[in-house]
Amino acid sequence: MRYGDFAGIRDRRRAEPSYVKRDDGKALIYPGKDTYLYAETESGKSWLAALGVVQCVKDHVPVMVVDFEEGDEIEYGIRLLDLGLTEVEITDRARFRYFMVDCKCTVEVMAEAEDMGAQVVIYEGMSVAYDVYGLQVKENDSATAFRRMLVKPHLIAGRSVLTTDHVVKDRDSRGRYA
């Protein structure tokens, strides 16, 4: 539990977005906040996240990717090279770490983020993470549990979190999003 500090609140402002910048220089991700990117399969979600990784590494902002999907270091590494990173930058563990996950690893992920001083954490494949953690994609409580277990600890530590996932494939079943 944390107490809210309202001292000087009238003069305080939220931080501006800082990460994953558009061509016009405007950023999309707020420091210390979570952002969710939902889109159809093969629509470029992972490319956008990888672009954010490249920008963070180039700006010396420590970034960590936790990949629950079918990605691997070859695919992801080539993507980062194609987007402008060097092999030296990709292997600089002070600025970038990539994990392929197929088991519960919350404690290990938090320890790695702390160890490297991560400022941005990217979770690729929220639906697969749900399965790994025994959560149900169609249950609202699962979204809350996912956020509580995997996202909130990073936010408390002041990290930004970007989570990607697919929209429901059946357009008629999507509801109000996408």
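For every chain, the first residue of the written sequence is number 1, and numbering continues from 1 along that sequence. Note on the predicted model: pLDDT of at least 70 is required for a residue's local features to be given, and 80 or more for side-chain atom pairs to be given and counted; whole-chain, interface and lining totals, by contrast, use all residues. Only heavy atoms go into the side-chain values, all of them from the structure, while hydrogens and water stay out.

Draft legend 1. Examining the packing of aromatic side chains more closely. In this scheme Phe, Tyr and Trp rings, the latter by its six-membered ring, pair at centre separations within 6.5 Å, and the angle between planes marks the pair as stacked below 30 degrees, edge-to-face above 60, and tilted otherwise. Within the structure shown, the criterion is met by three aromatic pairs. Measuring from ring centre to ring centre gives 4.7 Å for tyrosine 76 and tyrosine 98, while their planes differ by 25°; the resulting arrangement is stacked. With tyrosine 76 in helix H2 (residues 73-82) and tyrosine 98 in strand S5 (residues 96-100), this residue pair connects regions lying 22 residues apart in the sequence. In this structure tyrosine 98 comes out as buried when scored by relative accessible area, which is 16%. Put simply, the rings of Phe68, Tyr123 and Phe146 pair up and form one aromatic cluster. Only lysine NZ and arginine CZ atoms are considered, and such an atom sits over a ring when it is within 6 Å of the ring centre and within 35 degrees of the ring normal. Here arginine 79 stacks its cationic end above the ring of tryptophan 47, 4.4 Å away from the centre of that ring. Helix numbers and strand numbers start at the N terminus; a helix is a DSSP run of H or I with at least 4 residues, a strand a run of E with at least 2. Each residue is placed in one exposure class: buried if its accessible area under a 1.4 Å probe, protein chains only, is under 20% of its type's maximum, exposed if it is over 50%, and partly exposed if it falls in between.

Draft legend 2. Seen up close, helix H6 (residues 140-156). Compared with the 24 Å implied by 1.5 Å per residue over 17 residues, the 22 Å span of H6 between its first and last C-alpha is a close match. Two axes are fitted around each residue, one to the seven residues ending there and one to the seven starting there, and the angle between them is reported as the bend at that residue. Maximal helix bending in H6 amounts to about 45°, located at arginine 148. Contact definition: two residues touch when any of their heavy atoms are within 4.5 Å. Considering only its buried residues, H6 is in contact with strand S3 (34-39), strand S4 (63-67), helix H4 (106-116), strand S6 (120-124), helix H5 (126-132) and strand S7 (160-166). Just beyond H6, the residue with positive phi is glycine 158, at close to 90°. Expected span, for any helix, means 1.5 Å times one less than how many residues it has.

Draft legend 3. Highlighting the confidence of the model for the chain. pLDDT expresses, on a scale from 0 to 100, how confident the predictor is about each individual residue. Per-residue confidence for the chain gives a mean pLDDT of 86; residues scoring 70 or more make up 94%. Taking the mean pLDDT of every element in the chain, the minimum, 79, falls on H5 and the maximum, 96, on helix H3 (residues 87-90).

Draft legend 4. Just the nonpolar core, in detail. Nonpolar cores were defined as sets of buried Ala, Val, Leu, Ile, Met, Phe, Trp, Tyr and Cys residues, with membership established by side-chain atoms within 4.5 Å. Of all hydrophobic cores here, the largest spans 24 residues; its most connected members are Met64, Val66, Phe68, Tyr123, Tyr133 and Phe146. Of all the secondary structure elements, the ones that give two or more residues to this core are S4, H4, S6, H5 and H6. Excluding residues within four positions of it along the chain, valine 66 makes contact with Phe99, Val101, Val109, Val121, Ile122, Tyr123 and Glu124. With 21 residues, the next largest nonpolar core counts Tyr19, Ala50, Val65 and Ile122 among its residues.

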